[in-house]
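Close look at the chain arrangement
In case you want the letters, here they are:
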Amino acid sequence: MITRKSKREIEMMHDAGKLLAKCHKEIAKRIKPGITTKEIDDFVEEFLAEHGGATPEQKGYSGYPYATCASVNDEICHGFPREEKLVQGDIVTIDMVVNLKGGLADSAWTYVVGEADDKTKKLLDVTKNSLYKGIEQAQPGNRIGDIGHAIQQYAEGEGYSVVRDFTGHGIGRTIHEDPHIPHYGLPGKGPRLKEGMVVTIEPMINEGDWKSKMDDNNWTARTIDGGRSAQFEHTIVITNDGPLILTDQEGEID
């Protein structure tokens, strides 16, 4: 069932989103060769606890053991934080859900370790642009298919593929709610967007084939061909004044 959130619920989620964005900004300062994703995970848990007693909502969710998902290079999503040091040229996606006094917000960001070459810059630029192409379609009266179609048309036009096996989703009292938000599809299809809906848009864009395979931990998905995968995600509210990004880091969309 798709629910529309109250003004109070949205305010709580916005507070969580602001804290999440602040945490991502701190992570960006720490991403460098030699750091481990386990160190980043420990930092996130400590940072949240020090700011209003916030907690990482996905820790313990369906048995997931960490505060963040940390997906490196060919890992698409749900990578486990680990002690292996990141090296120059790696890309790493840090995905987290913050619970601040009952308000939830979800955002993933892909970082480059050290200096990025042109190939890496293009992958990240296209993935981030794909997110905002989707957000532009998150208007009352549009349909969910309009979001996915805009992302797919753009990303594939740039020579990349769009992951099909994982989607955006509604969010509110729990991490995953209806509706699913695919990042591919046909315009004019799917449920209609209405004011007060809160959803995540989180395209995962691959250098090679879109298909994924699962690691033995039954959590981490990676590309079938070893190509790299990037992801950017925001939590947004559908409003009559246009999409409101609850996890905005830079004020890119008013």
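Just above sits the structure.
Described in the following lines is the structure provided in the data block. Quantities reported herein were computed from a predicted structural model and do not represent experimental measurements.

**Observations regarding helix α1 (residues 7-30)**
Its 24 residues give α1 an end-to-end C-alpha distance of 35 Å, which sits within 8% of 34 Å, the value for a rise of 1.5 Å per residue. Residues I10, M13, A16, G17, L19, L20, A21, C23, H24, E26 and I27 constitute the buried set of α1. Those residues of α1 that are buried are in contact with α2 (37-50), β4 (91-100), β5 (103-112), β9 (198-201) and β14 (234-237).

**Considerations on the nonpolar core**
Ranked by internal contacts, the top residues of the largest apolar core, which has 51 residues, are I27, V98 and I201. Every element with two or more residues in this core is listed here: α1, α2, β2 (69-72), β4, β5, α3 (118-136), α4 (144-157) and β9. Apart from the residues lying within four places of it in its own chain, the contact partners of I201 are L131, G134, I135, A138, I147, I151, I181, H183, F232, E233, H234 and I236.

**Observations concerning unusual backbone geometry**
Geometrically, the link from D178 to P179 is a cis peptide bond, its omega value of 0° lying close to zero. Of note, P179 is situated in strand β8 (residues 177-181). One non-glycine residue, N73, adopts positive backbone phi at about 60°. With respect to the helices and strands, N73 occurs in the loop between β2 and β3 (75-77).

**Structural notes on the packing of α1 against α2**
How two helices pack is summed up by the angle between their axes together with the distance between the axes. Following both chains from N to C, one finds α1 and α2 inclined at 145°, their axes separated by 11 Å at the closest point. As α1 runs across α2, the sense of the crossing is right-handed. In contact with L19, K22, C23, E26, I27 and R30 of α1, α2 contributes I40, F43, V44, F47 and L48. Tallied by class, the residues present in the contact of α1 with α2 amount to eight nonpolar, no polar and three charged.

**Thoughts on the sheet that holds strand β10 (residues 204-206)**
A sheet is described by the order of its strands in space; here three strands give the open sequence β6-β10-β13, paired in antiparallel fashion. Among the strands making up the open sheet, the edge pair consists of β6 (161-162) and β13 (229-231). Relative to β13, β10 runs antiparallel, the two being bridged by three bridges. The residue of β13 that forms the bridge with I205 is A230.

**Thoughts on the pattern of salt bridges**
Per the counting criterion, the structure on display carries 15 salt bridges. Of the charged contacts in the structure, one is a salt bridge between E45 and K59, with a shortest N-O distance of 3.0 Å. One end of the pair, E45, is in helix α2; the other, K59, is in the loop between β1 (55-56) and β2, with 14 residues separating them in the sequence. As a salt-bridge pair, D74 and R222 come within 2.9 Å of each other at their nearest N and O atoms. Pair noted here: D74 is in the loop between β2 and β3 and R222 is in strand β12 (residues 221-223), with a separation of 148 residues, a long-range link.

**Thoughts on the side chain of E75**
Looking at where E75 falls in the secondary structure, it is placed in strand β3. By relative accessible area, which is 3% here, E75 ends up buried. Setting aside its immediate chain neighbours within four residues, E75 contacts A70, R82, T220, A221, R222 and S229.

**Some remarks on the sheet that holds strand β11 (residues 212-214)**
What the three strands build is an open sheet, ordered β3-β12-β11; its pairing is antiparallel. Sheet topology places β3 and β11 at the edges, where each strand pairs with a single neighbour. The average angle at which neighbouring strand axes cross in this sheet is 45°, direction not considered.

The rules behind these values
Residues numbered from 1 in each chain as written. Predicted model: local features only at pLDDT ≥ 70, side-chain atom pairs only at ≥ 80, totals over all residues. Heavy atoms only, no water. Helix = DSSP H or I, 4+ residues; strand = E, 2+ residues; numbered from the N terminus. Expected span 1.5 Å × (residues − 1). Buried < 20%, exposed > 50% of the residue type's maximum accessible area, 1.4 Å probe, protein only. Contact = heavy atoms within 4.5 Å. Core = buried A, V, L, I, M, F, W, Y, C linked by side-chain atoms within 4.5 Å. Axes fitted to C-alpha atoms, helices over the stretch in contact; angles between N-to-C directions. Left-handed = near helix turned anticlockwise from the far one by under 90°. Nonpolar A, V, L, I, M, F, W, Y, C, P; charged D, E, K, R; others polar. Pairing = 2+ DSSP bridges. Salt bridge = Lys/Arg side-chain N within 4 Å of Asp/Glu carboxyl O.

Everything listed here is a matter of geometry and, on its own, says nothing about what the molecule does.
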